[in-house]
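Each chain, letter by letter, is given below.
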Amino acid sequence: AGLALGQAIMGAGCAVGLSGAMVLFARWFRPARFATMVALYSGMGNVGILLSATPFALAVERFGWRPTFDGLAILNVVLVAQMFLFVRDAPPGHPYHTERRERLGAVMKGVIEVLRTRAIWPLLPLAFCGLSMVLVIRALWAGPYLADVYGLDAIERGNVLFLFTVAMLIGNVGIGPLDRVFRSRKRVVLAGALLTAAALAGLALLPRPGLWPTVALLCLDGLACNYVVVIYAHARAFFPLHQVGRIVTLANGVNIAGIAILQVASGYIVRAFPSVDGAAPDIAYRAVFGALAILLCLAILAYCRAEDRLPDVEAERP
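Report on the accompanying structure. Bear in mind that the values here come from a model prediction, so they are computed numbers and not experimental data.

Attention now moves to the overall build of the protein chain. What the protein chain contains, in helices and strands, is 14 helices and 0 strands. The N-to-C order of helical and strand elements in the protein chain reads α-α-α-α-α-α-α-α-α-α-α-α-α-α. Radius of gyration (C-alpha) of the protein chain: 20 Å, near the 20 Å computed for a compact globule of 318 residues. With respect to the principal axes defined by its C-alpha atoms, the protein chain has extents near 65 × 45 × 35 Å. Taking all contacts inside the protein chain whose residues are at least 6 apart in sequence as the whole, residues at least 24 apart take part in 83%. Just so you have it, the protein chain exposes about 16,700 Å², and 69% of that area is on carbon and sulfur atoms. Charge centroids of the protein chain, computed over 27 positive and 18 negative side chains, lie 8 Å from each other.

Formed by 78 residues in total, the largest nonpolar core has its most connected members in Phe34, Leu126, Tyr227 and Leu296. Considering each element in turn, this core owes the most residues, 11 residues, to helix α7 (residues 132–150). Those residues in contact with Phe34 that lie beyond four places of it in its chain are Met22, Phe25, Ala26, Tyr232, Ala233, Arg236 and Val248.

What follows covers the packing of aromatic side chains. One pass over the full model with this rule turns up 9 aromatic pairs. A cation sits over an aromatic face here: Arg208 above Tyr150, 5.2 Å from the ring centre. Taking NZ or CZ as reference, Arg236 lies 5.8 Å from the ring centre of Phe34, over its face.

Bringing a nonpolar patch on the surface into the picture now. On the surface, Trp65, Phe69, Leu72, Leu75 and Leu79 cluster together to form a nonpolar patch covering roughly 490 Å² of accessible area. Looking at the element boundaries, Trp65 is found in helix α4 (residues 65–86). Given the relative accessible area of 52%, Trp65 is considered exposed.

Locating Arg309 in the fold gives a position in the segment after α14 (282–303). Polar side-chain contacts of Arg309 include one of 3.0 Å to the backbone oxygen of Ala237. For Arg309, the side chain forms a polar contact with the side chain of Glu307, separated by 3.2 Å. For Arg309, the contacting residues outside a window of four places in its chain are Arg185, His234, Ala237 and Phe238.

This next bit is on the pattern of salt bridges. As enumerated under the stated definition, the model contains 3 salt bridges in all. Between Asp282 and Arg286 there is a salt bridge, with the nearest N and O atoms lying 3.9 Å from each other. Of this pair, Asp282 and Arg286 both sit in helix α14, 4 residues apart, which is roughly one turn of the helix. Looking at Asp282, the relative accessible area reads 16%, which means it is buried. Salt-bridge contacts for Glu307 lead to Arg309; the nearest nitrogen and oxygen are separated by 3.2 Å. Residue Glu307 is classed as partly exposed on the basis of its relative accessible area of 43%.

A negative phi angle characterises most non-glycine residues, just as the trans form characterises most peptide bonds. Residues other than glycine seldom take positive phi values, yet Arg183 does so here, at roughly 55 degrees. Topologically, Arg183 is positioned in the loop between α9 (178–181) and α10 (186–205). In this structure Arg183 comes out as partly exposed when scored by relative accessible area, which is 40%. Phi angles above zero are rare outside glycine, and Asp277 is one such case at about 55 degrees. Relative to the helices and strands, Asp277 is located in the loop between α13 (244–271) and α14.

It is worth spelling out the side chain of Thr36 at this point. Tracing the backbone shows Thr36 in helix α2 (residues 34–51). Thr36 sits in the buried class, given a relative accessible area of 8%.

Our focus in this paragraph is helix α1 (residues 2–28). Because each turn of an α-helix spans 3.6 residues, side chains separated by three or four positions end up pointing in the same direction. Spanning 27 residues, α1 covers 40 Å between terminal C-alpha atoms, matching the ideal 39 Å at 1.5 Å per step. When we look at burial in α1, the residues that qualify are Leu18, Ser19, Ala21, Met22, Val23, Leu24, Phe25 and Ala26. Its buried side turned inward, α1 meets α2, α12 (228–236) and α13.

The description of two packed helices rests on the angle between their axes and on the distance between the axes. Where α1 contacts α2, the two axes come as close as 10 Å, and the packing angle between them is 145 degrees. In the packing of α1 onto α2, the handedness of the crossing is right-handed. Contacts between α1 and α2 involve Gly17, Leu18, Ala21, Met22, Phe25 and Ala26 on the former and, on the latter, Phe34, Met37, Val38, Tyr41 and Ser42. Classifying every residue of the contact of α1 with α2 gives 9 nonpolar, 2 polar and no charged.

About the thresholds
Residues numbered from 1 in each chain as written. Predicted model: local features only at pLDDT ≥ 70, side-chain atom pairs only at ≥ 80, totals over all residues. Heavy atoms only, no water. Helix = DSSP H or I, 4+ residues; strand = E, 2+ residues; numbered from the N terminus. Rg over C-alpha atoms; globule rule 2.2 N^0.38 Å. Contact = heavy atoms within 4.5 Å. Areas by Shrake-Rupley, 256 points an atom, 1.4 Å probe, with all protein chains shown as cover. Lys, Arg positive; Asp, Glu negative; His and termini not counted. Charge placed at Lys NZ, Arg CZ, Asp CG, Glu CD. Core = buried A, V, L, I, M, F, W, Y, C linked by side-chain atoms within 4.5 Å. Buried < 20%, exposed > 50% of the residue type's maximum accessible area, 1.4 Å probe, protein only. Phe/Tyr/Trp six-rings, centres within 6.5 Å; stacked < 30°, edge-to-face > 60°. Lys NZ or Arg CZ within 6 Å of the ring centre and 35° of its normal. Patch = residues over 30% accessible without salt bridge, like charges linked within 9 Å, V, L, I, M, F, W, Y side chains within 5 Å. Salt bridge = Lys/Arg side-chain N within 4 Å of Asp/Glu carboxyl O. Polar contact = N/O pair within 3.5 Å; in protein donor to acceptor, adjacent residues only side chain to side chain. Expected span 1.5 Å × (residues − 1). Axes fitted to C-alpha atoms, helices over the stretch in contact; angles between N-to-C directions. Left-handed = near helix turned anticlockwise from the far one by under 90°. Nonpolar A, V, L, I, M, F, W, Y, C, P; charged D, E, K, R; others polar.

The quantities given are spatial measurements derived from coordinates; they are silent on function.
Here it is, written out as structure tokens:
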């Protein structure tokens, strides 16, 4: 119960991080730079995930769980302090400084306006899949899969997860500028989503392909899944600046909902297969990979109906 409460508090605390940062990026940078800045921000988040692999396993082995978590708590206090000291809501002269604070009624009206914008509807299924296609595996099933199917110990699993996360970091930072390179957001998203689906399909269809082919497919999943940062930029392009907070919060909320729902659903899939000596069989994990691949393909079909938006286009304020 204590662990679950701690996880809930951390989730609530982290919930505003990405949406708040994207609003700041929209105020401080040109629209063409939006995807790049979100990618860099998410890339820094992946550095944190990187530390949760082998370094975290070594710290727990050396110091134990409680001192390790105490150290992370101190680090978070330092980060919050530097936010208060150095981060500003908008640059000097920005309309934010003269705008009146909205009342709750105006906020809710703005949310309804966002939801009624049909142009963003084809984006939401892929936002739902977004990071869940990699985090359901990276945060939940990769460790047990490597232990149950390949017999890796904690440090060996941490090493594989380290490579997995390095691929996520490279993809995160690398995909940001691609919408400007190819003059399209839709093509970049489709390419990333299709590569992710191919990696998941490979993990699902190949029975025990071997450790290194499995690691390669996991890394491809981590490399390609970062198309979600371009979806944020794509959705943001349909709205004027004063609506940016609402649309990025909606897209991010759908993304987080996908992670939560698919983690629970994947647990039911694994439990549907009888364990062998306390370990889930290979087919249970392949069923999870296959279900994710099918869901992602359906979301891709929905996204194909989306209108593309060039990276230097910003909706005009009415």
